[in-house]
Amino acid sequence: MEPRIQYAKTSDGVSIAFWTLGEGPALVASHSFPWTHIELEWRMPTYRNFYERLAARTRLIRYDARGAGCSQRDVTGFSLEALEMDLDAVADRLQLDRFTLWTYANACAMGIRYAARNPERVSRLVLMGPFGRGSEVNDSPIGRAVRALRDSGTDWNTLSEALTRVSFGFDVPDAEIRIWAAMLRECVYEEQAVAMFRAVEAFDVTDDLEQVQAPTLVFPNPFAPWPSPEFVRGVAARIPDARFTSLSRTPGLSVFEDFEAAERWASVITDFVLEGENNPPPDVPSGTAIILFADIADSTGLTERLGDAAFREKARALDGALRGVVRENGGTPVEGKLLGDGVLAVFTSARQAIEAALACGSAGDCAGLPLHLGLHAGDVIREENNVYGGAVNIAARISALSAPGEVLVSDTLRGLARTSAGVSFEDRGERELKGVGEPVRVWAVVASPRLQSSEPARQGGG
C-alpha cells in the first residue's frame, strides 16, 4: 500500500510533507535537497524496494525539506536553523521521543547540528556523504563548477542537466543523468534550487562534530564523486562514537536498476538501527484506558470474493496502516494475539482515540476493506504484550454492532469525550451485549467538518 502523505507545520509556518511505513524503532530520513520528492520516489521501483526493506524492521519516516518535493515550495530561506524546524515539526507531529536520524549529502550538516543539540532525542545517527563546512565542498573543483553554472543565468532545463552532471560525476551515463535532471525539475523550482545551493555555502558544523553523543554510522555518498571517501573518513574521525564503512554499487547498473545494492544498503542501515536493541514491545498502560477495537467487516465474504491470498495481502497492508494511524494519534497498538482480522489499541485520551477511530475508518474505506469500529473506557490488565478484561470485551462487542465504517462508543466513553473531542454523538439506544450483564447505551460518532477534512491541502508541486 502506498504510504499516505501527511503534513506537519513548522514553528515558522511552513508545511512539511511526510509519510510513515512499517513498525519498529523510528528511523527518520531526510534526503539531499533539492533532490527530494517523497511521492515521486515511491513510484520508482528501486526507491520503493529500498524503503520497503527498511520498513520491514523499522518504522520509516520520510519527509521532504521545505521548498522541495511535496512540501511547501514558496520559501527561499534554507539555513540550518530552518531545516531543523522541518525535522522538529515532523518529530513533534508524530510524538517521537527518540529516533534514529538518517541524513544524506547536504542534509548531513543539519543532521550533525540537530544530533549535537538534541542528544536526548537522537538515539543514533546515519550520515551519507557528510561534510563539516559547505565551503569545503564549494572550494573544490566540482564546487567551483557548480557555482559558475548556478550563477551563469542559463535556462532551467540546461542548468538542471549541467548541475546534475557536475554533482553526480562525469562517468555516469547520459541516460541516467537525464533521469536525475528530470527528477530535479520535478523536485524543485529554479529559484528554490539556486537558493538551496547558495545556502549550503554558509553551512558550518565543524564545532558540532565533537558534540555528537549518539552512535553514528558514516559512509561516502555512492552516487557522487564528492565528498571523497577520504574526506568523509576525516569527518567520521571527529565524531566521538562513529564508525566508517562503504556502500558499493553494482558495476554497470544505474541506481534505478540496482536492486541488489539497495537491499544491501537497507540491511546495513537497519542492522545499525537495531544494534543492541531487544526491541521490547511498546508499553501498554495498565489500569484505566481508552480501548479501540477495529475489525474488518464481512472478512469471510471478502475472502471468498477476492481469494485468500489477495485478501490476506490487502489485510496485512491495512493492518500496518491502522497501526500507523494509532501511533500518530498518541495510541499504542497491542501486539498480542487477537481473534479475527482486527486491531486492538489503547489510548490515554478520549479525543485522540476518537480521531484515531475516524482515521482508521477512512483508511479501511480507501483500502476497500470497511471496518467495524468500537470504543470504550475501562480497566485493563496487561499480560505478555496483550490486554485483557471486561472493558476489552465490551469494546469488541460494541465494534461488532457498528455498521461498516461507523464508529460506535459506549456511554462511558461519550461522557469523557463530549466536551473535548470536537464531534457530536447520535444516540443508538441501549443494547444487549453478549457476556455483559446489563444493557449498554451506545452512541454513533458524527465527525465535525474539521475531522472529516483532516488532510491538509497540498502546497507546492508533486
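Whatever comes next refers back to the structure up there.
Residues numbered from 1 in each chain as written. Predicted model: local features only at pLDDT ≥ 70, side-chain atom pairs only at ≥ 80, totals over all residues. Heavy atoms only, no water.

1. Topic: the environment of alanine 55
Formally: Each helix is a run of H or I in the DSSP string that is no shorter than four residues. Each strand is a run of E no shorter than two, and both are numbered from the N terminus. Whether two residues are in contact is decided by their heavy atoms, any of which lying within 4.5 Å being enough.
Position of alanine 55 among the secondary structure elements: in helix α2 (residues 45-55). Excluding residues that lie within four positions of it along the chain, alanine 55 makes contacts with Leu21, Gly22, Glu23 and Leu60.

2. So, helix α4 (residues 108-117)
Convention followed: Burial here depends on accessible area, computed with a 1.4 Å probe over protein chains only, as a share of the maximum for the residue type. Under 20% is buried, over 50% is exposed, and the range in between is partly exposed.
Of all 10 residues in α4, 9 are buried; the element is thus mostly enclosed. Those residues of α4 that fall on the buried side of the exposure criterion are Cys108, Ala109, Met110, Gly111, Ile112, Arg113, Tyr114, Ala115 and Ala116. Packed against the buried residues of α4 are β3 (26-30), β4 (59-63), α3 (80-93), β5 (99-104) and β6 (122-128).

3. Things to note about the nonpolar core
Filter applied, for reference: In these notes, a set of buried Ala, Val, Leu, Ile, Met, Phe, Trp, Tyr and Cys residues joined through side-chain atoms within 4.5 Å is what counts as a nonpolar core.
The biggest cluster of nonpolar side chains holds 98 residues, and the ones touching the most others in it are Phe50, Leu54, Phe99 and Trp102. Contact partners of phenylalanine 50, with chain neighbours within four places excluded, come to Trp102, Ala262, Trp265, Ala266 and Ile269. The next biggest cluster of nonpolar side chains, apart from the first, holds 37 residues, and it includes Ile296, Ala353, Ala356 and Ala357.

4. Here's the deal with unusual backbone geometry
Backbone geometry places alanine 105, a non-glycine residue, at a positive phi of 55°. Tracing the sequence through the fold places alanine 105 in the loop between β5 and α4. The class of alanine 105 is buried, set by a relative accessible area of 13%. In the Ramachandran plot, aspartate 298 falls in the positive-phi region, its phi being about 55° despite a non-glycine side chain. Residue position: aspartate 298 is located in the loop between β9 (287-296) and α12 (299-306).

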